Amino acid sequence: MNRSRTLVAGLILSGLLGLVDVVTMPFGDGEHPPFAVAVVGAVLGLLTLAGVVLAWRGGRAGAVLVIVIVTRLLSGLSAVPAFFADGVPGPARGLAALGVVLTLAGVALVAPALRARA
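A.B. asks: When you look at the nonpolar core in this model, what are you seeing that I'm missing?
C.D. replies: Proteins that are soluble and globular tend to have nonpolar side chains buried together. Formed by Leu7, Leu11, Val52, Ala55, Val64, Leu65, Val68, Ile69, Val107, Val110 and Ala113, the largest nonpolar core amounts to 11 residues. Listing elements by their share of this core, those giving two or more residues are helix H1 (5-24), helix H2 (35-57), helix H3 (61-79) and helix H4 (90-117). Looking at this core element by element, the count peaks at 4 residues for H3.

A.B. asks: Hey, could you run me through H1 in this one?
C.D. replies: Note: α-helices contain 3.6 residues per turn, so residues at a spacing of three or four share the same orientation. For H1, which comprises 20 residues, the first-to-last C-alpha distance of 28 Å matches the rise-based estimate of 28 Å (1.5 Å per residue) to within 8%. Along H1, the residues that are buried comprise Leu7, Gly10, Leu11, Leu13, Ser14, Gly15, Leu17, Gly18 and Asp21.

A.B. asks: Help me understand a nonpolar patch on the surface in this model?
C.D. replies: A cluster of nonpolar side chains, contributed by Ile12, Leu16, Leu19, Val23, Phe27 and Trp56, occupies part of the molecular surface with about 620 Å² of accessible area. Per-element tally for the nonpolar patch: the top contributor is H1, with 4 residues. With respect to the helices and strands, leucine 16 occurs in helix H1. Leucine 16 sits in the partly exposed class, given a relative accessible area of 49%.

A.B. asks: Where do I start with the environment of threonine 48 in this structure?
C.D. replies: You can see threonine 48 is positioned in helix H2. A relative accessible area of 0% places threonine 48 in the buried class. Spatially, the C-alpha atom of threonine 48 lies 5.6 Å from that of glycine 18, the residues being 30 residues apart in sequence. In contact with threonine 48, not counting residues within four places along its chain, are Ser14, Gly18, Val68, Thr71 and Arg72.

Conventions we followed
Residues numbered from 1 in each chain as written. Predicted model: local features only at pLDDT ≥ 70, side-chain atom pairs only at ≥ 80, totals over all residues. Heavy atoms only, no water. Core = buried A, V, L, I, M, F, W, Y, C linked by side-chain atoms within 4.5 Å. Buried < 20%, exposed > 50% of the residue type's maximum accessible area, 1.4 Å probe, protein only. Helix = DSSP H or I, 4+ residues; strand = E, 2+ residues; numbered from the N terminus. Expected span 1.5 Å × (residues − 1). Patch = residues over 30% accessible without salt bridge, like charges linked within 9 Å, V, L, I, M, F, W, Y side chains within 5 Å. Areas by Shrake-Rupley, 256 points an atom, 1.4 Å probe, with all protein chains shown as cover. Salt bridge = Lys/Arg side-chain N within 4 Å of Asp/Glu carboxyl O. Contact = heavy atoms within 4.5 Å.

Spelled out as structure tokens, the structure:
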């Protein structure tokens, strides 16, 4: 697979976000984020990391990139309730917003590679 700088940046950003999803699960208090959301986030992070590794190694590029994009979007969606739920601390909302913005940036960097393969 021929990797552009844009794709490399998107894979690195997505991989870092996936790693954050996995690493933050044990540090949650069970309330922020709720335990179920943290578990789902960790699973999505692991799937993202697997997709990034496979994409980096040149595995079935289209399918692997779809996995990275879908898992990142689902992870970003899991943060949206933080903006509407009562009792979410301000810093947690700020981190959720940052995560959503970085997720959208990562997806925007990876997505053009799908069109190049179509």
